[in-house]
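The lines below spell out each chain.
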Amino acid sequence: MKWRNSIIYLIVLLLLGGYYYYFEVVRKEQKQAAERESKRVFHFAAADVEALQIESKDKKRVRLNKNGGWKITEPISCDVDQASLEGLLNTLAALQRERSITDKSKELKSFGLASPALRMRIQQRDQSLELLLGDKNPTGEAYYAMVIGQDDVFTVSEGIWGVLNKGLDELRRRELFTFEPREINSMRVKWENEPEVFVQRNEQGKWSSPDHPKVDIKDIKVGNVLDQLRWLRAQKFIENQAATSTENRLDTPQVTVNLQLQKDRSAQLTLGKKTDDGKEVPAVSSEISGIVLVSADILRELPKSIRSLQDRSIISLKTGDITAVKWKLDDQEGHVARLEENKWGWAATDEGQPKELNESWQVSSLLYDLVEAEYVEEVNPPASVPSWPYGRVDFYGGDNKLASIIWNKPLKEDSKSASIWVEQGEESAVRLVDVEAELMQRTQEDLKKLSLSNAP
């Protein structure tokens, strides 16, 4: 009998639970959804809007038409900033009444709706709607509003104003380019009074310079330039000015960039002289109309010579390929081996398993620093490698030595540069290069810390 009672209790419990869930959760959510729906000002989807007109007291009238793809048609013809427009349309579609005020539409003047601060005409497939926004309410937390053809006046949230009150500059496209860096086949950068920098991508995706075939180009440097161009945005727009206007410092361009894309497409950028405060520079893009001002920081990103794109890595290795590091610094020596991806062990002898380091990140930091570092100048012809150097670091992949860096003496505190020998490549080819003293100071400090904190 007990098991029968248990089943009955379970059934009762399930029924009570179902009752609670339906009436307290489902019905409550349905009621809230119905309330939200009843407060909606409009009942359309953002995708249904085909044209939009915005008239604001403090801005020029703006007209936009969808017609295959959204375009601004007034006061000028130009592309739209999709994110800004989508935010505006979605806000309109979801706009809710905060509070109904009156149904006496003849009293519009007292709400600032007789001469509204903002008027929006929304054209859909089968109807046209017009929204007016007037004054703020006495508490400043909402705006009075109404829809033409409807009698009631209502309030909308104060935050709605900033989303809906969009002018030309807030709605027009700000990206100077729409290409993806992988689409670029070649890049030409010409600075005033400087030789042109020309690089092109081969079938393997590697960059090279036809004008300087012996110079190794670092792909990531070219990629960084293309990324900076791809995300370049207009900060301000200058209307009704000729692209070669002396006033806008474009009569003699400071730099021009020409990009050749796939499918015989191209893109161009012209940059003039900096503005008086040095923060902006006038620009003309082949993809948007008119003159714009962009951040002057872009000038630092564009190469002035092929050297700016040259691969001047001290060692051409990937940190993941390095499985062991040996070093000698003055009278200290060390040997660490990789245990796992982010774990290193101290190998005091050639026998037995390496002892895991207390702080493996020290090795990872050292490797990252040296692999990413670049030299300042290559010294030719190189001097002979010293037989008994002050410092030496050897990098191994398995049983094979991958590369070595060697320096002959400790750095002086006031040193600005240091000379190091680099052994890498076929038959351990040797190069002598100058590097920033700061790099070698960090390297020596890292090696000393490793020796002192981890050595058996």
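What counts, and at which threshold
Each chain has its residues counted from 1, following the order in which its sequence is written. Restriction of local features to residues with pLDDT of at least 70 applies here, the model being predicted, together with a cutoff of 80 or more for giving and counting side-chain atom pairs; totals for whole chains, interfaces and linings are based on all residues. Where side-chain values are given, they derive from all heavy atoms of the structure, hydrogens and water being excluded. A carboxyl oxygen of Asp or Glu within 4 Å of a side-chain nitrogen of Lys or Arg is what we treat as a salt bridge. Helix and strand definitions follow DSSP, with helices as H or I runs of at least four residues and strands as E runs of at least two, each counted in order from the N terminus. A simple rule labels every residue: compare its accessible area, found with a 1.4 Å probe on the protein chains alone, to the largest value its type can have, and call it buried under 20%, exposed over 50%, or partly exposed in between. Space inside and on the surface of the protein is sampled on a 1 Å grid over the protein atoms alone, with a cavity defined as a set of points where a 1.4 Å probe fits but cannot get out and a pocket as an open set with protein on both sides within 12 Å along at least 5 of 7 lines; lining residues have an atom within 4 Å of a point. Grid points are joined across faces, edges and corners, and a volume is the space filled by probe spheres set on the points. Three classes are used, and their members are as follows: Ala, Val, Leu, Ile, Met, Phe, Trp, Tyr, Cys and Pro are nonpolar, Asp, Glu, Lys and Arg are charged, and the others, Gly among them, are polar. The pairing criterion for strands is at least two bridges between them, as found by DSSP. In this description, contact between two residues means that some pair of their heavy atoms is separated by no more than 4.5 Å. Comment: axis = line fitted to C-alpha atoms, over the contacting stretch for helices; angle = value between 0 and 180 degrees taken between N-to-C directions. Expected helix span is computed as 1.5 Å times (number of residues minus one). Residue-level confidence of the predictor is summarised by pLDDT, bounded by 0 at the bottom and 100 at the top. The aromatic pairing rule takes the rings of Phe, Tyr and Trp, using the six-membered ring of Trp, and pairs them if the centres are within 6.5 Å, calling planes under 30 degrees apart stacked, those over 60 edge-to-face and the rest tilted. In this scheme, the term charge over a ring applies when either NZ of a lysine or CZ of an arginine sits within 6 Å of the ring centre and within 35 degrees of the ring normal.

Student: How would you explain the pattern of salt bridges if you had to name every residue and give the values?
Tutor: Pairing between side chains of opposite charge can happen when the charged atoms of each approach one another. Within this structure, the stated rule accounts for 27 salt bridges. Taking the shortest distance from any N to any O, the salt bridge between Glu158 and Lys136 comes out at 3.6 Å. One end of the pair, Glu158, is in the loop between β9 (153-157) and α3 (160-164); the other, Lys136, is in strand β7 (residues 128-136), with 22 residues separating them in the sequence. Accessibility expressed as a relative area gives 40% for Lys136, which makes it partly exposed. Residue Arg188 is joined to Glu196 by a salt bridge in which the shortest nitrogen-to-oxygen separation is 2.7 Å. Residue Arg188 is classed as partly exposed on the basis of its relative accessible area of 32%.

Student: Explain the layout of surface pockets to me, using residue names and the numbers behind them.
Tutor: Here the largest pocket defines a volume of roughly 290 Å³. Along the wall of the largest pocket there are 16 residues; nearest its centre are Asp216, Asp311, Ser316, Tyr375 and Arg431. Here the element with the most residues in the lining of the largest pocket is strand β25 (residues 417-424); it accounts for three residues. Of the residues that constitute the lining of the largest pocket, the class distribution is six nonpolar, four polar and six charged.

Student: Could you give me a rundown of the sheet that holds strand β20 (residues 343-346), with the residues and numbers involved?
Tutor: Spatially, β21-β20-β19-β18-β23-β24-β25-β26-β22 is the arrangement adopted by the nine strands of the open sheet, whose pairing is antiparallel. Bordering the open sheet on either side are β21 (355-356) and β22 (377-379), each of which pairs with just one other strand. Pairing between strand β18 (residues 324-329) and strand β19 (residues 332-340): six bridges, direction antiparallel. The partner of Lys326 across the bridge, within β19, is His335. In the packing of helix α7 (residues 361-372) onto the sheet, contacts are made with β18, β19, β20, β23 (391-397) and β24 (400-407), and the angle to β20 comes to roughly 105 degrees.

Student: Break down α7 for me, with residues and values.
Tutor: Under the 1.5 Å per step criterion, the end-to-end length of α7 is 16 Å for 12 residues, consistent within 8% with the ideal 16 Å. When we look at burial in α7, the residues that qualify are Gln362, Val363, Leu366, Leu367, Asp369, Leu370 and Val371.

Student: Mind laying out the confidence of the model for the chain, listing which residues take part and the relevant values?
Tutor: On average, residues of the chain score 85 in pLDDT, and 85% of them are at 70 or above. For the chain, the element scoring lowest by mean pLDDT is helix α1 (residues 2-39), at 60; strand β10 (residues 184-191) scores highest, at 96.

Student: Describe in detail the sheet that holds strand β15 (residues 266-271), supporting the description with residues and values.
Tutor: Ordered by their spatial adjacency, eight strands build an open sheet running β12-β11-β10-β14-β15-β16-β17-β13, and the pairing between neighbours is antiparallel. With partners counted over all chains shown, the strands left at the sheet margins are β12 (207-208) and β13 (236-238), one partner each. In terms of strand pairing, β10 meets strand β11 (residues 197-201) through four bridges, oriented antiparallel. Bridge pairing links Met187 to Val199 in β11. Against the sheet, helix α5 (residues 219-230) makes contact with β10, β11, β12, β14 (255-261) and β15, and its axis sits at roughly 80 degrees relative to β10, the strand it touches most.

Student: An account of the packing of aromatic side chains is needed here, citing residue identities and associated values.
Tutor: Summed over all chains, the structure comprises five aromatic pairs. Plain terms: the ring middles of Phe177 and Phe179 are 5.6 Å apart, the flat faces sit at 45 degrees to each other, and that makes the pair tilted. Exposure remark for Phe179: the relative accessible area of 2% places this residue in the buried category. Seen from the ring of Phe198, Arg188 lies directly overhead, with NZ or CZ sitting 3.8 Å from the centre. Positioned over the ring face of Trp191 is Lys304, at 4.6 Å from the centre of the ring.

Student: How would you summarise helix α2 (residues 82-94) if you had to cite specific residues and measurements?
Tutor: Over its 13 residues, α2 extends 18 Å from the first C-alpha to the last, a length consistent with the 18 Å expected when each residue adds 1.5 Å. If you check which residues of α2 are buried, you get Leu85, Leu88, Leu89, Thr91, Leu92 and Ala93. Residues of α2 that are buried sit in contact with β1 (49-56), β2 (62-65), β6 (118-124), β7, α3 and α4 (168-171).

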